[in-house]
Amino acid sequence: MNEKNKKWTLVALFLGLLEILFIDAMSSIVGPGIVADLGDTSLYAFMYTLTFLCNTLALPITSMLGNKSGRKYIIIAGAAVYGISTVLAGMANNMMFHVVMRGLQGIGKGCILGNVLAYFGESLDEQGRAKAMGFYGTLTGIVFLVAPLAGGAIGDLLGWRLTFYISIPLTVIVLAVLLLKMPQVKPNGDASKLDWAGTLYLSLVTIGIVMFFSWGGQKYSWLSVQVIGAAVVCLVSLVLFIRHINHCDAPVLSPKLFKNREFVLVILGVVLIGPTLYAVGSYLPMICQALVGTTGMTAGIVTAAKSAVQLVLGYAIGVYIGKTGKIKLVMILTAIVYAVSNFILGFASTPADMALLIVGILLSGLGTTTYSMVYTLHAQNELPEALVGEATSAIQFLQSLSGTIGLSVVGMVLNTSFSSRLRHVIPVGLDALVPAEQLQKYMGTTLLTDSSAVSAAMEGLSAEGQGLFTQFVDNLHMAYAGAMRNAFVVLGVLCAITLIFSLLVKPSKKKAA
């Protein structure tokens, strides 16, 4: 590849990464507005769960396809799928269609992420790889600061749909440059060693357990054919997966790793904290806008503050670990900080709790900063050199899986708690003033995130009717606050359990360099 084409290719790849990072960050901020417009609050959790699920499953599969056939056309296909599904998500007129498009977004994202980062390793020299990864880290940090602010401002002033339409020019540029300038580099790896069967079994395990918690007690009863079927798929696939990796020469997840005590403790910590990592990002905008009563812009500022904490403290904590080698202490503090932040966020439910919300968010940012480095670092320090690369990949993959599964569990807790509380939210006498089918449409978070919807609903009601409707909105608020509290208490308990495993970890043999 000549230097000019290489530069154009890198520009297009980084634009593709920018599109994914920026639109994902903006779309999370406008999530409450999407539900307010399209309805069906019960699908709010599944919107994120399906996105993460599709991304988690697509990433290893498309990376293996790239190892076998080359990266170019998989990246192009991913950019096309992501761009088209993003625009269609913005055009959606019902929540289910929007959710499906978000799932396709996850597939496109998986195609791009794994193969772009692999392309850097395969097509650039050592210095070029270092520059590319350094720029990627800088880009990520900037996006996590700017995108929440942009998403909040655009959502408040111009509507949530525009945050998705921004994808159009970026997708067109990325596809044009990649098609014209990016060469098809032949892979050097041995595709015959790729563990397709293991990946399939693990994918089915994940799909089964996610659907079990996404359907159970919500769309179907726990004893329904669909829910029991999802459990059966999960269990059978798990048995086949365990049997497979114990007989496979190059399994997707090596059993040798789990013979190391420290690695097992690290994985337990990663799996238990992973759901918090995903849930806070997904539900923080809803806590801000539906419960504490902020605007989308304020929710963006709060989210950006969390990212700022991660950027500012990340380097300092890394230096501290490098000088002292006290990884175990930081692991213990991570579990404590995350548990406390979850309990605080769970109890932030009124405008008077704004200070409590900010404290919880800053603590969550601190927890994310330490979590992102210490667990992987401890495993790398305690394992033989030959297993370090494999262990690092396994940790990242299991973190993604546990976060996706955990998000479905949190969604189940939230939705079932909210549904049970909705039975008691309609004040006596309101059903005589407002048609039952109209009241049913309000049984979600629309009235909590859209003040104009409240004004429109109360228009034409008598003073008594307006008083009853105000009480109805207050009851909805209390019901959703109680359900959100239950969800974050579950997350807090999981992090508290992580503390036990952190205490069992041995002090690191080496200092982090």
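Every value quoted in this text rests on a predicted model; they were computed, and no experiment measured them.

### Digging into unusual backbone geometry
One non-glycine residue, Asp-40, lies in positive phi territory at about 65 degrees. One can find Asp-40 in the loop between α2 (31-38) and α3 (44-69).

### A word on the environment of Glu-459
Looking at where Glu-459 falls in the secondary structure, it is placed in the loop between α18 (451-458) and α19 (463-504). For Glu-459, a relative accessible area of 68% corresponds to the exposed category. Taking the C-alpha atoms as reference points, Glu-459 and Ala-432, separated by 27 residues in sequence, lie 16 Å from one another.

### Things to note about the pattern of salt bridges
In total, this model carries three salt bridges according to the counting rule given. Taking the shortest distance from any N to any O, the salt bridge between Glu-262 and Arg-261 comes out at 2.6 Å. You can call Glu-262 buried: its relative accessible area is 5%. Given a relative accessible area of 41%, Arg-261 falls into the partly exposed group.

### Let's talk about the confidence of the model for the protein
Taken residue by residue, the protein gives an average pLDDT of 86. The fraction at 70 or more is 96%. Taken element by element, the predicted model of the protein shows its lowest mean pLDDT in helix α6 (residues 126-157) (82) and its highest in helix α7 (residues 162-165) (94).

### A short note on the side chain of Ser-237
Looking at the secondary structure, you find Ser-237 in helix α10 (residues 225-245). Those residues within four positions of Ser-237 in sequence are excluded, and the remaining contacts are Tyr-201, Leu-204 and Val-205.

### Notes on helix α8 (residues 167-181)
Given a rise of 1.5 Å per residue, 15 residues ought to cover 21 Å, and the 21 Å separating the end C-alpha atoms of α8 matches this to within 8%. Residues Ser-167, Leu-170, Thr-171, Val-174, Leu-175, Val-177 and Leu-178 constitute the buried set of α8. Where α8 is buried, its residues contact α1 (3-29), α4 (72-91) and α7.

### Details of the packing of helix α11 (residues 261-292) against helix α12 (residues 296-324)
Where α11 meets α12, the axes come as close as 9 Å, and the angle between the chain directions of the two elements is 140 degrees. Judged by the inter-axis angle, α11 sits oblique to α12. α11 and α12 meet at a crossing whose hand is right-handed. Together, Val-280, Leu-284, Cys-288 and Gln-289 of α11 and Gly-296, Ala-299, Val-302, Thr-303 and Lys-306 of α12 make up the contact between the two elements. For the contact of α11 with α12, the class distribution of residues is five nonpolar, three polar and one charged.

### Quick notes on the packing of α1 against α8
The geometry of α1 relative to α8 is characterised by a closest axis approach of 9 Å and an angle of 150 degrees between their N-to-C directions. Taken together, the axes of α1 and α8 lie roughly antiparallel to each other. Crossing geometry of α1 relative to α8 is assigned as left-handed. Across the interface between the two elements, Asn-5, Trp-8, Thr-9, Ala-12, Leu-13, Leu-15, Gly-16, Glu-19 and Ile-23 of α1 pack against Ser-167, Leu-170, Thr-171, Ile-173, Val-174, Val-177, Leu-178 and Lys-181 of α8. Here the contact of α1 with α8 is composed, by residue class, of ten nonpolar, five polar and two charged.

### Some remarks on the nonpolar core
Counting 75 residues, the largest nonpolar core has Tyr-283, Phe-469 and Phe-472 as the members making the most contacts within it. By residue number, the principal contributor to this core is α19, which donates 13 residues. Once residues within four sequence positions are removed from consideration, Phe-472 is found in contact with Val-425, Ile-426, Pro-427, Leu-430, Leu-439, Tyr-442, Met-443 and Leu-447.

### Examining a nonpolar patch on the surface
A grouping of Trp-222, Leu-223, Ile-228, Val-232, Val-236 and Leu-240 is seen on the molecular surface, where their side chains present a nonpolar patch of about 550 Å² in accessible area. Examined against the element boundaries, Val-236 turns out to sit in helix α10.

### Digging into the packing of aromatic side chains
One pass over the full model with this rule turns up eleven aromatic pairs. An angle of 55 degrees between the planes, with centres 5.3 Å apart, marks the rings of Phe-212 and Trp-222 as tilted. Here the residue Phe-212 occupies a position in helix α9 (residues 196-215), and Trp-222 occupies one in the loop between α9 and α10, the gap between them amounting to ten residues. Between Trp-215 and Tyr-220, the ring centres sit 5.5 Å apart and the planes meet at 90 degrees, which makes this aromatic pair edge-to-face. Overall, the relative accessible area of 24% leaves Trp-215 in the partly exposed class. Site record: aromatic cluster; members linked through ring pairs are Tyr-44, Tyr-48 and Tyr-283.

### Things to note about the environment of Ser-123
Mapped onto the fold, Ser-123 is located in helix α5 (residues 95-123). Considering only alpha carbons, one finds Ser-123 and Val-205, 82 residues apart in sequence, at a separation of 34 Å.

### Observations concerning the side chain of Gln-399
Within the element layout of this structure, Gln-399 appears in helix α15 (residues 385-421). Note on Gln-399: relative accessible area 15%, which makes it buried. Excluding its chain neighbours within four sequence positions, the residues that come into contact with Gln-399 are Val-270, Leu-277, Tyr-278 and Tyr-371.

Thresholds, definitions, all that
Residues numbered from 1 in each chain as written. Predicted model: local features only at pLDDT ≥ 70, side-chain atom pairs only at ≥ 80, totals over all residues. Heavy atoms only, no water. Helix = DSSP H or I, 4+ residues; strand = E, 2+ residues; numbered from the N terminus. Buried < 20%, exposed > 50% of the residue type's maximum accessible area, 1.4 Å probe, protein only. Salt bridge = Lys/Arg side-chain N within 4 Å of Asp/Glu carboxyl O. pLDDT = per-residue confidence, 0-100. Contact = heavy atoms within 4.5 Å. Expected span 1.5 Å × (residues − 1). Axes fitted to C-alpha atoms, helices over the stretch in contact; angles between N-to-C directions. Parallel < 35°, antiparallel > 145°, perpendicular 65-115°, else oblique. Left-handed = near helix turned anticlockwise from the far one by under 90°. Nonpolar A, V, L, I, M, F, W, Y, C, P; charged D, E, K, R; others polar. Core = buried A, V, L, I, M, F, W, Y, C linked by side-chain atoms within 4.5 Å. Patch = residues over 30% accessible without salt bridge, like charges linked within 9 Å, V, L, I, M, F, W, Y side chains within 5 Å. Areas by Shrake-Rupley, 256 points an atom, 1.4 Å probe, with all protein chains shown as cover. Phe/Tyr/Trp six-rings, centres within 6.5 Å; stacked < 30°, edge-to-face > 60°.

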